[in-house]
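# Report on the structure
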Amino acid sequence: MTEAPPRSAAPSGHVGSWYAATANPAPERPPLEGERRCDVAVVGGGFTGLSAALELAGRGYSVTLLEAERIGWGASGRNGGQIVTGFNKTVSSIAGMVGPDEARRLWDMAEEAKALIADRVARHAIACDLRWGYFFAAMKRSHMRDLEADLAEWRGLGHDRAEMIPRERLGDYVASPRYVGGLLDRGSGQLHPLNYALGLAAAAEAAGATLFETSRVERLEAGTPAVLTTARGRAVADHVILAGNAYLPGIAPEVETRVRPRLMPVLTWIAATEPLGEDRARALIPADLAVADVRFALNYYRLSRDHRMLFGGGVSYSLAAPRDPVPLVRRKMTGFFPDLADAAIEYCWGGLIGISFNRLPDLGRVAPNIFYAQGFSGHGLALTGLAGKLMAEAVAGTAERFDVFARIPHRPFPGGRWLRTPALVLGTTWYRLRDLLG
């Protein structure tokens, strides 16, 4: 089938995507010029930074947020829009790292992260298509056993909004011949991520924070106060929050040697089909759930409000992007939904996510007054907002909850700057073989 190239032009400096094309109106904010003194400088205008700015401004701190591009330009405005329960590890495996009590506290905070989204959407009237319901789809019996173990653990932790769905009920939730059943979680959900980011930005400004766009931080000088330099100005701050994740540059020796080696940027893609019509779209996902399959190299998808299939799949651990990712994503999408072979892809975009070596969020300090959060490893839509709140608490002098995350053991990716990507590619090849062979 021949189809027109997907749309790529994006309004107002955002990367071309269906999200950018359907973004709520938002002002263009000026760059930082001259010197600005503040209590807290936040680097990064995604969910983490915006959450921190909103919390701190609400506490009465003077907050300056510096975004290199536009608010929500990075992963926060391009991701799959899926809100997922828990972490990229089971609580029992986390308990093996930090002990059962700390693991339970981490679980409780992850549940809080989802409630935080619902509260902010309601409190600030953010129009972002928030809705609840999620399906973890199993491709083979071993996946069903893994999901049954997850469900048992969740119920032991008090999460009672999930149930196993056998093959005979599968058609009520997702109509793909590739699956044998799955786990329905009514406590996870979906939203329009760019509109959520834009809503957080407006809420932060209403609380008193000042946001600057096109203000890439070129250098961070640690100290009390710290100094952050941009092309046209500088911010002098008592505290700094580094919220750039996979897009954070090496702006200081401490960042280059202690933070960046613990993160691997990974490139992934999402495609949006043409509008399918409500009947055709609902025939694919009858319950209008967000869906992800249970594999290491997973696919994730959902329906948009205008009845498109938003399908995410395909990753590059080497950051080598194909010249045209559309055939890659189309092949994956039609492998699960053959009936979409005739559906045109109108948008296709990519972006970086940050993963840590142990696939758990990495929160810490590079100096007593400089905090960072990164490595959300596919669970960032919810956990980033929590991370911003925890860093705000730490700035305000209550760091107990932040320190629970900071005690999770992390290590740099092996191989150093030049060999860590080949090492990761080799390791992920093994997991992909496990996906194929069971």
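Residues numbered from 1 in each chain as written. Predicted model: local features only at pLDDT ≥ 70, side-chain atom pairs only at ≥ 80, totals over all residues. Heavy atoms only, no water.

## Things to note about the confidence of the model for the chain
- With 90% of its residues at a pLDDT of at least 70, the chain reaches an overall mean of 92.
- Ignoring residues within four places in sequence, the model shows residues 422-438, a span with pLDDT below 50, making 22 contacts including any to other chains. (pLDDT = per-residue confidence, 0-100. Contact = heavy atoms within 4.5 Å.)

## Examining the packing of aromatic side chains
- Overall, the coordinates contain 15 aromatic pairs when judged by the stated rule.
- Here F135 and Y173 contribute two aromatic rings whose centre-to-centre distance is 5.9 Å and whose plane-to-plane angle is 5°, an arrangement assigned as stacked. Here Y173 lies in the loop between β5 (162-166) and β6 (181-190) and F135 lies in strand β4 (residues 131-138), a separation of 38 residues in the sequence. When sorted by exposure, F135 lands in the same class as Y173, which is buried.
- Ring centres of Y301 and F337 lie 5.2 Å apart, and the angle between their planes is 90°; on these two criteria the pair is classed as edge-to-face. (Phe/Tyr/Trp six-rings, centres within 6.5 Å; stacked < 30°, edge-to-face > 60°. Helix = DSSP H or I, 4+ residues; strand = E, 2+ residues; numbered from the N terminus. Buried < 20%, exposed > 50% of the residue type's maximum accessible area, 1.4 Å probe, protein only.)

## A short note on the pattern of salt bridges
- This structure, assessed with the given rule, holds 28 salt bridges.
- Two residues, E393 and R401, come together in a salt bridge whose shortest N-O distance is 3.2 Å.
- Take E393: its relative accessible area is 9%, and that puts it in the buried class.
- You can call R401 partly exposed: its relative accessible area is 22%. (Salt bridge = Lys/Arg side-chain N within 4 Å of Asp/Glu carboxyl O.)

## Regarding the nonpolar core
- If you look at the biggest cluster of nonpolar residues, it comprises 84 residues, and the most contacted ones within it are L106, Y196, I241 and F405.
- Examining the composition of this core, we find that 10 residues originate from one element, helix α10 (residues 380-395), more than from any other.
- Ignoring sequence-local partners within four residues, the contact set of L106 consists of F87, I94, V98, V404, F405 and I408.
- Counting 34 residues, the second largest nonpolar core, distinct from the first, contains M139, Y179, L267 and L284. (Core = buried A, V, L, I, M, F, W, Y, C linked by side-chain atoms within 4.5 Å.)

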